[in-house]
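Residue-level structure breakdown
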Amino acid sequence: VFEAVLRGNTESLLSAEDQRLGAAYEAIILADLRPPYLIENDKIVIAGNYDRVELLEKHKAALEERCRNVGRVDLVDHRLEYAGTGWLIDETVVVTNRHVAEVFARPDWPSGWTFADGRFAREVEVRIDPYHQHNTRAARGRPRLTILEILYVAGAREPDIALLLVDPDHGLEP
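Being a predicted model, the structure only gives us computed values, none of them experimental.

1. Section: the overall build of the protein
What the protein contains, in helices and strands, is 5 helices and 10 strands. The contacts in the protein between residues at least 6 apart in sequence include a share of 52% that link residues at least 24 apart. Counting every atom, the protein has about 11,400 Å² of accessible surface; 52% of that belongs to carbon and sulfur.

This is the structure we're talking about:
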C-alpha cells in the first residue's frame, strides 16, 4: 500500500465505486491545504490560517450578500448525504464544480449527462440548500432549489465546473 501511494498509483487501492467518487475524496483530503471559509447566518467567519485575509476583509460585505445564493448540494437516494456546494448564477442556472457533479451524474451519450442511479434503483435527486450553513439553524422562508437537469459537466482537462438547471420557482435573485 505504501509503495502504491509513493508511486501515485492509489487508484488500484480503491473499489470501482470509490474510483468513480475519487474527486470527492480528493476534495476532502485537500481541505487541510485549502480550508473552506465557513458561513454562519450569511456571514463569513474568518478563523484559522487563511491566505489573503486582507483581500477577503476588503470585499467581505459584497461576498456576504452573495452568500444567500450559495448552498449545499444535497443528495436523495445516494449513499452520500451531500456532494459539495453550488451557487445560483441565473434564475435557472446553478454552477458547481465538475468533481461535485461527478458524484451524482453519469454520461448519457450522445445527449450529455443524466442523474446517476441511486439506492433502490431510483435516480439520484439533487437539491441546493442555500441555508445549510455552519452552526446555523434553518432560515425559514428561504427555498431549496430542485435540480431538474444537468446542463454541462466539463471534461477532465477543462476548468472544474458544471452547470445545473433549477426549477425557476424559487424566489431568489442571482
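2. Looking at the environment of Ala 101
By secondary structure assignment, the location of Ala 101 is in helix 5 (residues 98–104). C-alpha separation for the pair Ala 101 and Leu 164, spaced 63 residues apart in sequence, amounts to 8.8 Å. Once residues within four sequence positions are removed from consideration, Ala 101 is found in contact with Thr 96, Val 153 and Ala 162.

3. Re the pattern of salt bridges
In total, this model carries 10 salt bridges according to the counting rule given. One salt bridge in this structure joins Arg 72 and Asp 74, with 2.6 Å as the shortest N-O distance. Since its relative accessible area comes to 13%, Arg 72 is described here as buried. Accessibility expressed as a relative area gives 13% for Asp 74, which makes it buried. Shared partners join several salt bridges into a network, and the residues in it are Lys 43, Lys 60 and Glu 64.

4. Regarding the packing of aromatic side chains
Summed over all chains, the structure comprises 1 aromatic pair. Consider the rings of Trp 109 and Trp 113, whose centres lie 6.0 Å apart with planes at 70 degrees: the pair is edge-to-face. According to the relative accessible area criterion, Trp 109 is exposed, its value standing at 60%.

5. Here we look at the pairing of strand 7 (residues 112–115)
Two faces, one strand: in a regular strand the side chains alternate between the faces of the sheet. In the sheet, strand 6 (residues 105–108) pairs with strand 7 via 4 bridges, with the strands oriented antiparallel. Bridge assignment links Arg 106 to a residue of strand 7, and that residue is Thr 114. Between the end of strand 6 and the start of strand 7, which pair antiparallel, lie 3 residues.

6. Observations concerning the nonpolar core
Counting 23 residues, the largest nonpolar core has Val 73, Leu 75, Phe 104, Val 126 and Ile 150 as its most contacted members. For this core, the elements supplying multiple residues, two or more each, are strand 3 (70–76), strand 4 (82–90), helix 5, strand 7, strand 8 (125–129), strand 9 (145–153) and strand 10 (162–166). Leave out the neighbours within four places in its chain, and Val 126 touches Val 73, Asp 74, Leu 75, Phe 104, Phe 115, Leu 145, Thr 146 and Ile 147.

7. Description of the sheet that holds strand 9
One closed barrel accounts for 6 strands, arranged 3-4-5-10-9-8; its pairing is antiparallel. Strand-to-strand, the axes of this sheet are offset by a mean angle of 45 degrees, without reference to chain direction. Relative to strand 10, strand 5 (residues 93–96) is paired through 4 bridges, and the arrangement is antiparallel. In the sheet register, Val 94 faces strand 10, and the bridge partner there is Leu 164.

8. As for the pairing of strand 3
Most of strand 3 sits inside the fold, with 5 of its 7 residues counted as buried. Bridging between strand 3 and strand 4 involves 5 bridges; their strand directions are antiparallel. Directly across from Asp 74, in strand 4, lies its bridge partner Tyr 82. In this structure, the hairpin formed by strand 3 and strand 4 is closed by a connection of 5 residues, where Asp 77 is found at a positive phi of approximately 65 degrees. Sheet topology places strand 3 next to strand 8; 5 bridges connect them, and they run antiparallel. Directly across from Leu 75, in strand 8, lies its bridge partner Val 126.

The rules behind each value
Residues numbered from 1 in each chain as written. Predicted model: local features only at pLDDT ≥ 70, side-chain atom pairs only at ≥ 80, totals over all residues. Heavy atoms only, no water. Helix = DSSP H or I, 4+ residues; strand = E, 2+ residues; numbered from the N terminus. Contact = heavy atoms within 4.5 Å. Areas by Shrake-Rupley, 256 points an atom, 1.4 Å probe, with all protein chains shown as cover. Salt bridge = Lys/Arg side-chain N within 4 Å of Asp/Glu carboxyl O. Buried < 20%, exposed > 50% of the residue type's maximum accessible area, 1.4 Å probe, protein only. Phe/Tyr/Trp six-rings, centres within 6.5 Å; stacked < 30°, edge-to-face > 60°. Pairing = 2+ DSSP bridges. Core = buried A, V, L, I, M, F, W, Y, C linked by side-chain atoms within 4.5 Å. Axes fitted to C-alpha atoms, helices over the stretch in contact; angles between N-to-C directions.

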